[in-house]
Amino acid sequence: MPILNVSELRTHFRGERGPVRAVENVSFTLESGETIAIVGESGSGKSVTSLSIMRLLAGGRARSSGRIEFLGRDILSLGEAEMRKIRGNEIGMIFQEPMTSLNPVLTIGRQIAETLILHQHLSRAQARARAIEMLRLVDIPAAEQRIDEYPHQLSGGMRQRVMIAMALACEPKLLIADEPTTALDVTIQAQVLELMADLQKRTGTAIILITHDLGVVADVADRVIVMYAGRTVEEATTKDLFLHPLHPYTRGLLATIAKLGSSLDDNAASRLTEIPGQVPSLHESIPGCAFASRCPLVTDLCRHTAPSFEAVEPDHKVACHHVERRLQA
Amino acid sequence: MLTFVCRRLLSTIPVMLFIALFVFSLLYLAPGDPAALIAGDQASQTEIDAIRVTLGLDQPFYIRFVGWLGHALRGDLGVSIFSQLPVTTLIGQRLEPTLSLMLLTVIISVCIAVPMGVLAAANQGRWIDRIVMAVAVFGFSVPVFVVGYLLSWVFAIRLDLLPVQGYTPLAEGFAPFLANLILPAIALSCVYIALIARITRTSMIDVLSQDYIRTARAKGLGQGPVLFIHALKNASVPIVTVIGIGIALLIGGAVVTETVFAIPGVGRLVVDAILRRDYPVIQGVVLLFSVAYVLINLAIDLLYTVLDPRVRY
Ligand SMILES: Nc1ncnc2c1ncn2[C@@H]1O[C@H](COP(=O)(O)OP(=O)(O)O)[C@@H](O)[C@H]1O
Ligand code: SF4
Ligand SMILES: [Mg+2]
């Protein structure tokens, strides 16, 4: 049984100029213990997707529809109190900016212990002991001293380790990491990713890794989901995606990467670079394929009818009318 | 830490000196011959001369200032022209009501204004926010004596729940003490609540959009801990600053409130002294208020280091 099943997720923000269709049609499943990567240009709706799963888009301006099923529970229809029991306990989350994601006026020990006291009902002393244990687990030296320090006393890499320790303290079934290494230097990036992979082996946590670094994807993900303009356009095993990309957008991405190189050491070049053309405005509803304005294979059909996201091979889904032409080629 | 405190204390010396100079000059800023003014219309020249000698007006300004300062530093603020009692004694007798009034006002204000501001920020743009902002504008624009008379008319005269005026020392029991003080404290709180609620709201709105608030929510924390633990501590520096600056408003307000509610405090003392041109008393009270203001704000500077670990000594 998959631990997470997202189908036809749609998240719109109410805006002055009408709705912002940040997530328009996202579907994927995640098996327990698996790592999937979500890739896509900046603005393609990756963060909004993950925040929709956590139901953290507060303020009453965001509205999600579709279905998000987590361990058999329908996330979108849970009450806020039940949702709070899931957050930080069954689903942990790490954010991009380790500099700003930790509270500057609370010690890191307190910030880790807080989750344990809340969800596992540990005493303060027990939570502190467990927080020290977690800091050791994420390779923070002198954990007993560090635990009483404030975030500004730690380096960026250390802060992200603290975030990981915090997110994993309650041994969640699912960890969502939204660009966890983007803000770090290359060597620290590799260490943090290695640490996440290592912890996953021990705890069996499933991971959703959001990134726009394809080098990272190739290294750690079992499967990859490609997003474009708030839609999932392709889903495949990592190997399949790199060797046989089917969607014209994915092919475009890989072509730019092939040209510029995608090794982890070559950080800047391995980021997704723009494919020529304009991403459609999130304000309009698009009748046909969202990629039509940039697609070399576009036909009239594409402009009028949205392609459905379907399996064309086992374990390989794609949303494109002209996959057959690709497969034959 | 201790060196920091000492350094900050030393740095207030120029301010204190300036205050002292200003307070001392008060006597000479008033038009005309102070001695003649004090003595009144019917006084004879001998009487005026006697007053002039009492005030030391026959000596040059700087000598008089240094002399006065030397005495003040030793806790001698001179003798009241009207009652012939030492100014420190007069102030000492009046200190309890004023301190009680100000302390109660600060407690009421902070307890009401901070939650109000937090609630408004958490519901930004919604009706709760609008109500809080409207109350703040109202509290800021209505003079303290209007609120004071209104409150005493409703609660003391119409409903007969509380005494209309006066003061009962704490030594005579907490309940009567509070009964006398509660209306003046509420009246005096209005402006202060408005001030603190507004800065709390602004500061909280800023903090609530920060990444670490999202992190706190992602941990599963409820609205209460997110607002009052994660956000409020981060928002506290501007709030505490305004609480300190607002003490000046309170001092001015206390003078009016004590008059409205007939509280025998330092405010009343200074009003009476002004009416009688009792300069040593005026100087003493103004000096006391000024020094208190500087010291309170120094204490608040020290509080920053407790509230925000990033602030260095
Ligand atoms: N709170 C919000 N209000 C309005 N629009 C938003 C909000 N958050 C994100 N968006 C919009 O949704 C789109 C997708 O954003 P995001 O999911 O952050 O992209 P990314 O794939 O880079 O993570 C962006 O165009 C952004 O402008
Ligand atoms: S559906 Fe048409 S426009 Fe869209 S990606 Fe496929 S070929 Fe291109
Ligand atoms: Mg993002």
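Residues numbered from 1 in each chain as written. Chains lettered and ligands numbered in written order. Predicted model: local features only at pLDDT ≥ 70, side-chain atom pairs only at ≥ 80, totals over all residues. Heavy atoms only, no water.

> Can you help me understand the pattern of salt bridges in this one?
When charged atoms on two side chains of opposite charge get close, those side chains can pair. Throughout the structure, instances matching the rule amount to 21 salt bridges over all chains. Across the pair B:Asp308 and B:Arg310 runs a salt bridge, and its minimum N-O distance is 3.0 Å. Several salt bridges share partner residues, and in doing so they unite A:Glu34, A:Arg223 and A:Glu235 into one network. (Salt bridge = Lys/Arg side-chain N within 4 Å of Asp/Glu carboxyl O.)

> It is not clear to me how the site of ligand 2 should be interpreted in this structure. Could you clarify?
Every residue lining ligand 2 is accounted for by A:His247, A:Pro248, A:Cys289, A:Phe291, A:Ala292, A:Cys295, A:Leu297, A:Cys302, A:Pro307, A:Cys320, A:His321 and A:His322. Per-class residue counts for the shell around ligand 2 are 9 nonpolar, 3 polar and no charged. (Near = heavy atom within 4 Å. Nonpolar A, V, L, I, M, F, W, Y, C, P; charged D, E, K, R; others polar.)

> Got a minute to help me understand helix α8 (residues 144-158) of chain B in this structure?
Given 3.6 residues per turn, any residue in an α-helix points the same way as the ones three and four places further on. Residue and element names in this part refer to chain B. For α8, with 15 residues, the first-to-last C-alpha span of 20 Å sits near the 21 Å given by 1.5 Å per residue. Within the span of α8, buried status applies to Val 144, Val 147, Gly 148, Leu 151, Ser 152 and Ala 156. Of the surrounding secondary structure, the elements contacted by the buried residues of α8 are α9 (174-208) and α11 (223-260). With its phi angle positive at about 55°, Asp 160 sits one or two positions after the end of α8. (Helix = DSSP H or I, 4+ residues; strand = E, 2+ residues; numbered from the N terminus. Expected span 1.5 Å × (residues − 1). Buried < 20%, exposed > 50% of the residue type's maximum accessible area, 1.4 Å probe, protein only. Contact = heavy atoms within 4.5 Å.)

> Teacher, can you tell me more about the interface of chain B and chain A here?
One frequently used descriptor of interface size is the decrease in accessible area upon assembly of the parts. Each side of the interface is counted separately: chain B has 20 residues, and chain A has 28 residues. Here chain B and chain A share an interface that buries about 2,000 Å² over both sides, 61% of which is from carbon and sulfur atoms. Three residues stand out in chain B for area buried against chain A, namely B:Arg214, B:Ala218 and B:Lys219, and they jointly supply 28% of the buried area on that side. Here chain B and chain A share 1 salt bridge between them. Note that A:Glu114 and B:Lys219 form a salt bridge whose closest N and O atoms lie 2.6 Å from each other. Linking chain B with chain A are 11 residue pairs in polar contact (both at pLDDT 80 or more). Within the residue set of the side of chain B that touches chain A, elements represented by two or more residues are α10 (211-218) and α11 of chain B. The leading source of residues in the side of chain B that touches chain A is α10(B), at 6 residues. (Buried area = accessible area lost by both parts, 1.4 Å probe. Polar contact = N/O pair within 3.5 Å; in protein donor to acceptor, adjacent residues only side chain to side chain.)

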